[in-house]
Amino acid sequence: MNTSSKKESIIWESIENVSYYLSSGEKKRAVAMFLLLFISSLLDVFGLASLVPVIMAASRPGSIFHNKYSLWLYENLKFSSERNFFVFLVLVLLLFFIVKNLFTTFINYKQEKFTARIALNVIDSQFEKHNRLPFWHFNQFGSAKLIHMTFTVTQSFINGIVRQLFVFFSEAIIVAVIVIGILIYKPALFMILIIVLVPAMLLIYKLLNKRSAHIGNQLNEARPMSYARILDAFTGFIELRLANKQEEFKQKVLKYEKNIQELDAKNFLFTQLPVKVIEVMAVLAVVTIFLYSLFFSNDPGSLVTIIGLFAAAAYRLMPSINRMLNAMVTMRGNRYAFDELIRFRSNLTQILPVQRPLQFNQRIEFNNITFSFPGTTKPMLRNISFEVNKGDKIGLIGSSGSGKTTLMNLLLRFYIEQQGNILVDDQPLTEENLEAWYKLIGYVKQDTFLMEASIQDNITLGDEQVDTERLRYAIEQASLQSFISTLPEGLATTIGERGSRLSGGQRQRIGIARALYKKTQVLVMDEATSALDNKTEREVSEAISGLANTNITMFIIAHRITTLKDCDRIYELRNGELFAEFQYDELISKTEAS
Ligand SMILES: Nc1ncnc2c1ncn2[C@@H]1O[C@H](COP(=O)(O)OP(=O)(O)OP(=O)(O)O)[C@@H](O)[C@H]1O
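Residues numbered from 1 in each chain as written. Predicted model: local features only at pLDDT ≥ 70, side-chain atom pairs only at ≥ 80, totals over all residues. Heavy atoms only, no water.

### Notes on the environment of alanine 311
Phase 1 of the analysis: With respect to the secondary-structure elements, alanine 311 resides in helix α11 (residues 300-333).
Phase 2 of the analysis: Residue classification places alanine 311 among the partly exposed positions, given a relative accessible area of 35%.
Phase 3 of the analysis: Along the sequence, alanine 311 and alanine 285 sit 26 residues apart, while their C-alpha atoms lie 9.3 Å from each other. (Helix = DSSP H or I, 4+ residues; strand = E, 2+ residues; numbered from the N terminus. Buried < 20%, exposed > 50% of the residue type's maximum accessible area, 1.4 Å probe, protein only.)

### Observations concerning the site of the ligand
Phase 1 of the analysis: Within the structure, the ligand sits among 13 residues, and Ser400, Gly401, Lys404, Thr405 and Thr406 are positioned closest to it.
Phase 2 of the analysis: Residue serine 402 places a main-chain N or O atom 3.1 Å away from an oxygen atom belonging to the ligand.
Phase 3 of the analysis: Notes on the ligand: free accessible area 640 Å², of which the protein chains cover 60%. (Near = heavy atom within 4 Å. Polar contact = N/O pair within 3.5 Å; in protein donor to acceptor, adjacent residues only side chain to side chain. Areas by Shrake-Rupley, 256 points an atom, 1.4 Å probe, with all protein chains shown as cover.)

### Points about the packing of helix α7 (residues 143-185) against helix α8 (residues 187-235)
Phase 1 of the analysis: Close contact between α7 and α8 brings their axes to 12 Å; oriented N to C, the two are set at 175°. Classified by the angle between their axes, α7 and α8 sit roughly antiparallel to one another. For the pair formed by α7 and α8, the contact residues are Ser143, Ala144, Lys145, His148, Thr152, Val153, Ser156, Val179, Ile182, Leu183, Ile184 and Tyr185 on the first element and Pro187, Leu189, Phe190, Leu193, Asn220, Arg223, Pro224, Tyr227, Ala228 and Leu231 on the second. (Axes fitted to C-alpha atoms, helices over the stretch in contact; angles between N-to-C directions. Parallel < 35°, antiparallel > 145°, perpendicular 65-115°, else oblique. Contact = heavy atoms within 4.5 Å.)

### As for the side chain of asparagine 334
Phase 1 of the analysis: If you trace the backbone, asparagine 334 turns up in the loop between α11 and α12 (336-342).
Phase 2 of the analysis: In this structure, asparagine 334 is in contact with Ser156, Gly160 and Ile161, ignoring residues within four places of it in sequence.

### Some details on the sheet that holds strand β4 (residues 419-424)
Phase 1 of the analysis: Taking strand neighbours across the sheet as the criterion, the four strands line up as β2-β1-β4-β5 in an open arrangement whose pairing is antiparallel. Because the sheet does not close on itself, it has two edges, and the strands there are β2 (381-389) and β5 (427-428).
Phase 2 of the analysis: The strands touched by helix α14 (residues 404-411) within the sheet are β1 (363-371), β2 and β4, with β1 carrying the most contacts at an inclination of about 120°. (Pairing = 2+ DSSP bridges.)

### Section: helix α10 (residues 246-295)
Phase 1 of the analysis: The terminal C-alpha atoms of α10 lie 72 Å apart, and with 50 residues this matches the ideal 74 Å at 1.5 Å per residue to within 8%.
Phase 2 of the analysis: Taken as a whole, α10 carries its principal kink of about 25° at glutamine 272; the proline proline 274 stands between one and four residues after it.
Phase 3 of the analysis: Here α10 has its buried residues at Phe249, Val253, Tyr256, Ile260, Leu263, Phe270, Pro274, Ile278, Ala282, Ala285, Ile289 and Ser293. (Expected span 1.5 Å × (residues − 1). Bend = angle between axes of the 7 residues up to and from the residue.)

### Quick look at unusual backbone geometry
Phase 1 of the analysis: Positioned with a positive phi, asparagine 383 is a non-glycine residue whose angle comes to about 45°.
Phase 2 of the analysis: If you trace the backbone, asparagine 383 turns up in strand β2.
Phase 3 of the analysis: Positive phi, normally seen in glycine, also occurs at asparagine 575, with a value near 45°.
Phase 4 of the analysis: Inspection of the secondary structure puts asparagine 575 in the loop between β9 (569-574) and β10 (577-582).
Phase 5 of the analysis: Here asparagine 575 falls in the exposed class, since its relative accessible area comes to 60%.

### Quick look at the domain arrangement of the protein
Phase 1 of the analysis: Segmenting the protein into domains produces domain 1 (2-348) and domain 2 (363-593).
Phase 2 of the analysis: Centre-to-centre separation of domain 1 and domain 2, based on C-alpha positions: 55 Å. (Domains from an automatic or database assignment.)

### As for the UniProt feature "transmembrane region" (unreviewed entry) in the protein
Phase 1 of the analysis: With numbering aligned to this structure, UniProt lists the feature "transmembrane region" (unreviewed entry) at residues 30-56, 85-103, 165-184, 190-208, 277-295 and 301-318.
Phase 2 of the analysis: Annotation note: span residues 30-56, helix share 100%, strand share 0%, distance between end C-alpha atoms 40 Å.
Phase 3 of the analysis: Taken as a whole, residues 165-184 contains 100% helix and 0% strand, while its terminal C-alpha atoms sit 28 Å from one another. (UniProt positions renumbered as here; feature names shortened; annotations may be inferred.)

### Brief notes about the pattern of salt bridges
Phase 1 of the analysis: This structure, assessed with the given rule, holds 24 salt bridges.
Phase 2 of the analysis: Across the pair glutamate 171 and arginine 323 runs a salt bridge, and its minimum N-O distance is 2.8 Å. Of this pair, glutamate 171 sits in helix α7 while arginine 323 is found in helix α11, placing the two residues 152 residues apart along the sequence.
Phase 3 of the analysis: Look at glutamate 171 and you get buried, because its relative accessible area is 8%.
Phase 4 of the analysis: Linking arginine 472 and glutamate 469 is a salt bridge whose minimum nitrogen-to-oxygen distance equals 2.7 Å. Residue arginine 472 and its partner glutamate 469 are both found in helix α17 (residues 468-477); the two are separated by three residues, about one turn of the helix.
Phase 5 of the analysis: Note on arginine 472: relative accessible area 39%, which makes it partly exposed.
Phase 6 of the analysis: Of the residues examined, glutamate 469 reaches a relative accessible area of 48% and is grouped as partly exposed.
Phase 7 of the analysis: Because the salt bridges share partners, they merge into one network encompassing Glu13, Arg335 and Asp339. (Salt bridge = Lys/Arg side-chain N within 4 Å of Asp/Glu carboxyl O.)

### Brief notes about the pairing of β9
Phase 1 of the analysis: Within β9, five of the six residues are buried, leaving the element largely enclosed by the surrounding structure.
Phase 2 of the analysis: Note that strand β3 (residues 393-397) and β9 share four bridges and pair parallel. Looking at the pairing, leucine 396 lines up with tyrosine 571 of β9.
Phase 3 of the analysis: Two elements, β9 and β10, share five bridges in a ladder whose sense is antiparallel. Residue pairing for β10: arginine 574 is matched across the bridge by glutamate 577.
Phase 4 of the analysis: Here β9 folds back onto β10 in antiparallel fashion, the turn holding two residues, of which asparagine 575 has a positive phi close to 45°.

### Digging into the sheet that holds strand β6 (residues 441-444)
Note on sheets: strands pair through backbone hydrogen bonds, and any given pair is parallel or antiparallel.
Phase 1 of the analysis: Sheet architecture is open: six strands sit in the order β6-β7-β8-β3-β9-β10, paired in mixed fashion. Edge positions in the open sheet fall to β6 and β10, since each of these has one partner strand only. When strand polarity is set aside, the average angle formed by the axes of neighbouring strands in this sheet is 20°.
Phase 2 of the analysis: The pairing of strand β7 (residues 522-526) with strand β8 (residues 553-557) spans five bridges and is classified as parallel. Bridge pairing in β8 links aspartate 526 to isoleucine 557.

Here it is in structure tokens:
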């Protein structure tokens with residue numbers, strides 16, 4: 001895509017990319033918008049052009065009677081004095097400008113509404129693309145990169161491409177109308193304009209084009225890195241303050257920001273250049289014609305007239321040409337957005353498999369599972385086989401890195417095994433029953449995901465139609481009742497960013513309540529107690545014990561063996577293999593003996 005698109009003009013490439021985000025109705029609206037833009041640009045030119053004859057006529061009394069159009073108007077509207085006629089003309093002009101500006105404001109309003117619509121479509125599409133990434137792939141991007149790809153890239157696309165396209169076309173229409181007017185009125189002047197302005201424009205574009213694109217690419221790399229450091233500095237606030245490292249982290253952010261600010265400044269400087277180069281070229285042309293008329297021409301008078309006309313035309317054209325060039329250079333600078341927008345686009349067109357139901361009434365079977373992480377060849381898990389009956393409580397132990405979380409990630413389908421399969425009531429877990437499986441399984445991570453919202457919203461994940469009976473059950477089973485009853489606002493209490501107003505045990509129990517609210521039948525708890533102190537471990541263990549008598553099938557990864565006291569069986573993993581199976585009492589006596 002890259003190599004072919006580099007040959008394409010940036011304008012065409014931009015139109016293609018914008019049209020991807022438009023429905024067929026929106027495409028029609030876009031065409032209508034350009035027609036309106038055309039009318040608005042014509043009115044702009046006409047507005048300026050109409051001022052000149054009125055001012056000239058006003059400065060030469062009696063001249064209106066020498067022009068056939070003004071004379072016709074004067075006579076047909078039955079004016080009795082030149083002064084009244086001028087008052088009329090000036091009022092007509094005023095009215096014209098009011099109407100014109102109301103019309104162009106209306107068009108700007110429509111244009112901005114349309115642009116906002118495109119922005120929303122792009123954010124929607126970017127979001128959806130990333131939502132559809134396989135878990136392992138999603139995990140490779142940090143939050144900073146994902147925020148960059150969803151919002152910053154969209155912003156660059158909207159401000160640096162879509163808005164610039166509108167600017168480019170409205171100015172191009174103005175330039176075209178003036179230039180065609182000059183061609184009809186004075187072909188010689190037209191030739192001089194083309195000879196002077198076209199090479200100047202090409203020169204500027206060539207000069208800035210690549211540089212601007214290069215800066216865009218550098219910014220695309222630098223921004224997510226800076227965000228990542230900012231996120232580190234803020235999320236690590238406590239640890240960094242205690243380690244007296246806040247200044248050091250600030251300096252890291254500033255290092256990236258220095259680069260970003262310098263690149264932005266360069267980009268801004270580039271937008272100032274075109275007008276200066278064009279101005280020099282225009283003056284050079286004036287000087288050349290002037291010198292030519294002085295030394296070589298037989299009719300210097302007519303050349304001086306041409307110089308005057310040329311200067312007037314160039315003076316009017318320069319701002320428009322400048323804005324056109326700026327728009328093009330800005331588009332080049334934001335071209336990196338196309339690559340980001342195109343990336344993973346196939347995710348959106350992928351046809352998701354038709355979903356089938358899945359029942360879980362009897363057992364889950366890990367059937368000879370072997371798994372290697374994407375991009376690696378050495379299997380992390382090897383030939384793992386065991387069966388779990390519905391309602392069983394299973395403990396998983398093993399030293400750090402032995403593969404416990406990875407095995408659970410396969411059960412949660414975040415990763416897919418290369419060999420073997422996982423059977424639920426004899427049905428292998430596949431893409432086709434993923435939705436049904438996700439209705440059955442819940443996951444309580446060590447760092448439970450918490451929103452800056454009320455306890456109720458955190459348990460129901462923002463359900464608008466809350467099943468109050470289910471919520472009450474979930475809170476009771478997760479042993480949250482006594483804690484919630486101490487809060488003045490009860491369930492409506494907000495818990496701070498990422499649960500900052502909760503203890504570790506309370507966070508875990510909210511995670512458990514969330515899984516229960518969802519009517520989870522299989523619950524995975526990953527290292528639920530490893531980071532907790534004795535008191536909160538007791539609280540979580542209590543919540544787990546509360547579930548011992550339910551029919552929920554549980555997989556508990558724990559570092560503290562006491563957390564597993566309600567388990568039916570405990571499996572030990574070693575180096576990615578299933579090493580041993582224990583009962584809780586066996587494990588306790590083994591640990592005491594060693
Ligand atoms: N995405 C990945 N790519 C490559 N290797 C990985 C990836 N994720 C984890 N690993 C490696 O796989 C091994 C098993 O990790 P896993 O998290 O399953 O261990 P664990 O038994 O749960 O350990 P712990 O008790 O410390 O959490 C580790 O050596 C880890 O470094």
